[in-house]
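# A structural walkthrough
Listed here are the chains, written in short residue letters.
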Amino acid sequence: MTHFKETLTEEQKEKLKQFDNAVNNTLYLTEGDAVDWEFDATKYEEVTNTKYPDSPQIKFRVYDPNLEGEFDAIVSMAAARQITPKLRQGITFLHIERHGKGSDTRYVVEEAK
């Protein structure tokens, strides 16, 4: 028996995720995420993927309007390949969706509306 409600609503899960991201100052995309981030096109670097060292990741500096703050966003090379052409075109406010997980992960990157 527990005093607190055991299951969380989707809204509660989202709030906890936002809190966790704010506390950690680093944002990661997980399965089913859809975000709108403004990218600082001058701040990015390749970082080592701690889980899969042979799969580098890219760390971008982003502003998340929902969290009202700047964060480091770490994305896969596959996502970065879609992000950087947009940044070169001067499109810095992007909508990103992640579908699937593991080797079945796909990203959709487009200009945020």
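Residues numbered from 1 in each chain as written. Predicted model: local features only at pLDDT ≥ 70, side-chain atom pairs only at ≥ 80, totals over all residues. Heavy atoms only, no water.

### Regarding the pattern of salt bridges
Operational definition: Throughout this description, the term salt bridge denotes a Lys or Arg side-chain nitrogen within 4 Å of a carboxyl oxygen of Asp or Glu. Strands here are runs of E lasting at least two residues and helices are runs of H or I lasting at least four, both read from the DSSP assignment and numbered beginning at the N terminus.
With the rule as written, the count across this model stands at six salt bridges. With its nearest N and O atoms 3.1 Å apart, the salt bridge here joins D72 to R61. Of this pair, D72 sits in strand 4 (residues 69–76) while R61 sits in strand 3 (residues 57–64), and the two are eleven residues apart along the sequence. When salt bridges with common partners are traced through the structure, they connect R61, E70 and D72 into a single cluster.

### With respect to helix 2 (residues 77–88)
Threshold: Helix span is expected to be 1.5 Å times the residue number reduced by one. Residue burial is assigned from relative accessible area. The probe radius is 1.4 Å, only protein chains are included, and a residue is buried under 20% of its type maximum, exposed over 50%, and partly exposed in between. As used here, the arc is the angular range of directions from the helix axis to the C-beta atoms. Contacts are assigned to residue pairs that have any heavy atoms within 4.5 Å of one another.
Under the 1.5 Å per step criterion, the end-to-end length of helix 2 is 16 Å for twelve residues, consistent within 8% with the ideal 16 Å. Taken together, the buried positions of helix 2 are A79, A80, I83 and L87. What you see down the axis of helix 2 is that its buried residues fit within an arc of 90 degrees, all on one side. Those residues of helix 2 that are exposed and angled more than 90 degrees off the buried face are R81 and R88. Packed against the buried residues of helix 2 are strand 2 (34–47), strand 3, strand 4, strand 5 (93–99) and strand 6 (106–111).

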